[in-house]
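This is what each chain is made of:
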Amino acid sequence: MRSHDSQPSGCTFFEQELVNAMNDFVNTSRTPHFDTAVIERGARRKRATAIAGIATALAVACGAGTALAAGAVGTGAHTSARTAGGTAADATTLLVRTGDGRIAKEQLAGASASRARVALVHFNLTPAFTRVRMPDCEKQQDAVVALSPHAPTVVHAGDTVLVTTCYR
C-alpha cells in the first residue's frame, strides 16, 4: 500500500489504490509478442484464397452459362444438354447431406428462382444467383437451368450454391 503517497485532488483513497495496483500490474506483466511476418502471410493467404474462389466462381458461371446456351441452341431444350458429369438433369439436381447423415435429393430443373431460394434456405445453404440469356426461356422467366455444385457432388449446410436461371 502507498498510503503515504500524495493523492491527486478529487481522488478518493480507494481510487488511488486501484490506480496504483493497475500501474503495478502493467509494469510487471510481460508484453505480448506479435509475429508480424506470420500475420502478414496469413492475410496474404486469405486474400489469395478469396481471389481464387471468386475467379473459380466466375469461370464456373461463365462456363456453365455458355455450355447451357450452346446445348439449348443446338437441341432446342435445356433439359437435353450434356454436362461434364452426366445429363442436364444432374446439373439441376441438388444432393444435400442432412444433420442426421442422410443425403437429401432436390430436383430444381425449371423451378422458379424464388422456389429455388426457399429450397436452399431450407437446407441452410447460401444461394447465389446468376442469369443466362436463352432463346427458349419463354415458358417461365427465371427458371432454374443449372446448379453448382450439382449431382454427384454432395453439399453440406453452410455451403454456397450457385443457381443459374434463364431469361429471354
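Novice: Got a minute to help me understand the overall build of the protein in this structure?
Specialist: Secondary structure summary: the protein contains four helices and eight strands in total. Overall, the protein shows an N-to-C arrangement of helices and strands of α-α-β-β-α-β-β-α-β-β-β-β. For the protein, the residues scored as buried account for 28% of the 168 residues in total. A fraction of 61% describes how many contacts in the protein between residues 6 or more apart in sequence connect residues 24 or more apart. Surface exposure of the protein reaches about 11,000 Å², of which carbon and sulfur atoms provide 60%.

Novice: Would you take a moment to explain the pattern of salt bridges for this structure?
Specialist: Close approach of charged atoms lets side chains of opposite charge pair. Scanning the model with the defined rule gives four salt bridges in all. Among the ionic pairs, Glu 106 bridges to Arg 115, the shortest N-O distance being 2.8 Å. Assessed through its relative accessible area of 40%, Arg 115 is described here as partly exposed. Among the ionic pairs, Asp 142 bridges to Arg 131, the shortest N-O distance being 3.2 Å.

Novice: Sorry, what's going on with the sheet that holds strand 6 (residues 144-148) here?
Specialist: Backbone-to-backbone hydrogen bonds join strands into a sheet, with any given pair of strands oriented parallel or antiparallel. In spatial order, the strands read 5-8-6; together these three strands make up an open sheet with mixed pairing. Every interior strand has two partners, whereas the edge strands, strand 5 (126-133) and strand 6, have only one. Pairwise comparison of adjacent strand axes, ignoring direction, gives a mean angle of 25° for this sheet. Here helix 4 (residues 113-122) sits on the sheet in contact with strand 5, strand 6 and strand 8 (160-167), set at roughly 155° to strand 5.

Novice: I keep staring at the nonpolar core and nothing clicks. Help me out?
Specialist: If you look at soluble globular proteins, the nonpolar side chains tend to sit buried side by side. Within the largest apolar cluster, 15 residues are counted, with the highest numbers of intra-cluster contacts made by Leu 94, Leu 108, Leu 125, Leu 147, Val 161 and Val 163. Among the elements of the structure, strand 3 (93-97), helix 4, strand 6 and strand 8 are those that each provide at least two residues to this core. Per-element accounting of this core gives the leading share, three residues, to helix 4. Excluding its chain neighbours within four sequence positions, the residues that come into contact with Leu 147 are Ala 91, Thr 92, Thr 93, Leu 94, Leu 108, Val 161, Leu 162 and Val 163. Counting residues in hydrophobic clusters, the runner-up holds six residues, among them Val 132, Ala 143, Val 145 and Cys 166.

About the thresholds
- Residues numbered from 1 in each chain as written.
- Predicted model: local features only at pLDDT ≥ 70, side-chain atom pairs only at ≥ 80, totals over all residues.
- Heavy atoms only, no water.
- Helix = DSSP H or I, 4+ residues; strand = E, 2+ residues; numbered from the N terminus.
- Buried < 20%, exposed > 50% of the residue type's maximum accessible area, 1.4 Å probe, protein only.
- Contact = heavy atoms within 4.5 Å.
- Areas by Shrake-Rupley, 256 points an atom, 1.4 Å probe, with all protein chains shown as cover.
- Salt bridge = Lys/Arg side-chain N within 4 Å of Asp/Glu carboxyl O.
- Pairing = 2+ DSSP bridges.
- Axes fitted to C-alpha atoms, helices over the stretch in contact; angles between N-to-C directions.
- Core = buried A, V, L, I, M, F, W, Y, C linked by side-chain atoms within 4.5 Å.

Purely spatial values, then, with no claim about function.
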